[in-house]
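Next come the chains, spelled out residue by residue.
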Amino acid sequence: MSVAQLGEWVEVRDAGVAGRGLFTVKDVPQGQVILVDTPYVAVQMSGTDEEEEWGVHTGPPVIRACSACLRQIGPITEQLQRAAGLSEPPRLSGLDLDSARTCCATGSVVAQGCCAASGGACPEEWCSAECAQRDAELHSVVHSVEYGPVLQFGMEDNRVFDTAARCLVVALAEHVRTGLTMAEVLTPLLDCVSGDWWDLVEMPEEVPEEETADFREAMKATVMRGHAVVTAAITATGLAAKADPAALAELLDARVFFHALGALHLNSIEVDIEDDPVLGVLEAVSAAPPQHRDSLVAELRPVLDGIVASRAADESDDEMDGAGAAVEDGESEPSSLLEQAIEMAPTLKGTGLFLQIRFCNHSCDPNAEVRFAESALGELVALEAIPAGAEVSISYFDAEDMSLDERAAELASYQVDSCGCRRCTSER
């Protein structure tokens, strides 16, 4: 039996039909942080609820955040300005932002003249010099002229191609930096559960069953084109010139790219950061005593109107007619407008691949969960006391209000045949 201990509380070992799993080595109290995992790669999403999967693009992120760890950057008034699409930051006097919600940093580390592809105007920044240094090699490749076709291909087809390419760049950078063989560098990534991406993705509802095979063949052809684009782009970079030629060829083998795509589909975790700048302010206002709430809403009115209006523009007239008309006519009650803005506010979200947390198997009645307090640093936290020798499980999706059949259908997309947890067993 292969056993590898991860920190103080858990080890990886055989979990039977589920493959490998994470097991406690001693009693874990409720609320204990079992391990903390830095993402192998993490990507910030736009922050609107239309973008829930790798392949959907709804524009650049609304929330200003660190390119490496996704920690929010800048004054809270600027975050509110961006969320509402205002020409200048709002002036807020009635809300104590220091106690309600302030961003982690008032300044940032900004790349200067690094992006030839964008005329030197770099769109990325970091919350600290440490994050900038950790992200430097990946950043130098992703924002080079040579990498531009990968970004374009991802925008036109599916952003997972760009993210898989980033995984390869991370591995290449480690090889160049450490001198490790490519086999050693790739082991953590290739150790992830994977499969053929074109067979893993959910079939769109509009595709008839008789056309399923043709659709998947077309997706496979797209993956082949994507691999060609990624190979050409990475080969042309300065980082590739520093690598051992044989190691570079091993990295750019089509099977490695295919594995990365499948690993991202089956192992990536939604990064939903709790310390959310915009939503945090709105919820603080909502929780204010009634005698103060209306005056706070009045002061925030331009922000609330802007958030609702910006989302109304993205929805159909039928779906948003009531909300849009209320904002234009100024007829929304303060509490109603605040509720709409809370529902529509952009959030600080991303997606990441975590090479330790990925060992957690699914349970519809989990004893642990992954939390993201301030950044994309994943904390595996015990939801209950877990005895020594027990398996640590998480839920791969929000299973709380789903029926047994609904959960089984969702599990199928993760290549999981069934769940044997106490909840599923009792409902069969």
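This text follows the structure it describes.
Keep in mind the model is a prediction, meaning the values are calculated, not measured.

Reading the values: the criteria
Residues numbered from 1 in each chain as written. Predicted model: local features only at pLDDT ≥ 70, side-chain atom pairs only at ≥ 80, totals over all residues. Heavy atoms only, no water. Helix = DSSP H or I, 4+ residues; strand = E, 2+ residues; numbered from the N terminus. Buried < 20%, exposed > 50% of the residue type's maximum accessible area, 1.4 Å probe, protein only. Contact = heavy atoms within 4.5 Å. Areas by Shrake-Rupley, 256 points an atom, 1.4 Å probe, with all protein chains shown as cover. Patch = residues over 30% accessible without salt bridge, like charges linked within 9 Å, V, L, I, M, F, W, Y side chains within 5 Å. Salt bridge = Lys/Arg side-chain N within 4 Å of Asp/Glu carboxyl O. Lys, Arg positive; Asp, Glu negative; His and termini not counted. Charge placed at Lys NZ, Arg CZ, Asp CG, Glu CD. Pairing = 2+ DSSP bridges. Axes fitted to C-alpha atoms, helices over the stretch in contact; angles between N-to-C directions. Expected span 1.5 Å × (residues − 1). Parallel < 35°, antiparallel > 145°, perpendicular 65-115°, else oblique. Left-handed = near helix turned anticlockwise from the far one by under 90°. Nonpolar A, V, L, I, M, F, W, Y, C, P; charged D, E, K, R; others polar.

Draft legend 1. Representation of the overall build of the protein. In terms of regular secondary structure, the protein is built from 19 helices and 13 strands. A burial count over the protein gives 47% of its 428 residues as buried. Here the analysis covers contacts within the protein between residues at least 6 apart in sequence; of these, 69% occur between residues at least 24 apart. Entry remark: accessible area of the protein is about 20500 Å², with carbon and sulfur atoms responsible for 49%.

Draft legend 2. Region of interest: a negative patch on the surface. A cluster of like negative charges, contributed by Asp196, Asp199, Glu209, Glu210, Glu211, Asp214 and Glu217, occupies part of the molecular surface. According to the relative accessible area criterion, Glu217 is exposed, its value standing at 52%.

Draft legend 3. Inspection of the sheet that holds strand β3 (residues 20-24) at higher detail. On the basis of which strands lie adjacent, the open sheet formed by 5 strands has the order β1-β2-β3-β13-β10 and mixed pairing. The open sheet has two free edges, formed respectively by β1 (4-6) and β10 (361-362), since each of these has just one partner strand. Note: β1 against strand β2 (residues 10-14), 3 bridges, orientation antiparallel. Paired with Leu6 across the bridge in β2 is Val10.

Draft legend 4. The arrangement of the sheet that holds strand β9 (residues 349-353) in detail. Overall, antiparallel pairing links the 3 strands, which are arranged β5-β9-β8 in an open sheet. Strand pairing shows two members of the sheet lacking a second neighbour, β5 (41-44) and β8 (269-272), which therefore form its edges. When the angles between neighbouring strand axes are averaged without regard to direction, this sheet yields 25 degrees. Across 4 bridges, the pairing between β8 and β9 is antiparallel. What sits directly across from Glu270, in β9, is Thr351.

Draft legend 5. Layout of the pattern of salt bridges. The full count for this structure, using the stated rule, is 18 salt bridges. As a salt-bridge pair, Arg301 and Asp305 come within 3.2 Å of each other at their nearest N and O atoms. Separated by 4 residues within a single helix, Arg301 and Asp305 lie in helix α15 (residues 301-312), roughly one turn from each other. One salt bridge in this structure joins Arg371 and Glu369, with 2.6 Å as the shortest N-O distance.

Draft legend 6. Region of interest: helix α6 (residues 160-178). Look at α6: 27 Å from first C-alpha to last across 19 residues, which is about the 27 Å you get at 1.5 Å a residue. Most of α6 sits out of view: 14 of its 19 residues are buried. Among the residues trailing α6, Gly179 stands out with phi positive, at a value near 80 degrees.

Draft legend 7. Examining the packing of α6 against helix α9 (residues 212-235) more closely. Contact geometry for α6 and α9: axes closest at 10 Å, N-to-C directions at 40 degrees. In terms of axis orientation, α6 runs oblique to α9. Of the two elements, α6 crosses α9, and the hand of that crossing is right-handed. Here α6 contributes Phe161, Ala165, Leu168, Val169 and Leu172 to the contact with α9, which in turn contributes Thr222, Val223, Val230 and Ile234. Per-class residue counts for the contact of α6 with α9 are 8 nonpolar, 1 polar and no charged.

Draft legend 8. Layout of the environment of Ala373. Of note, Ala373 is situated in the loop between β11 (368-371) and β12 (378-382). Here the alpha-carbon distance between Ala373 and Ile273, two residues 100 residues apart in the chain, equals 5.7 Å. Excluding residues within four positions of it along the chain, Ala373 makes contact with Ile273, Glu274 and Asp275.

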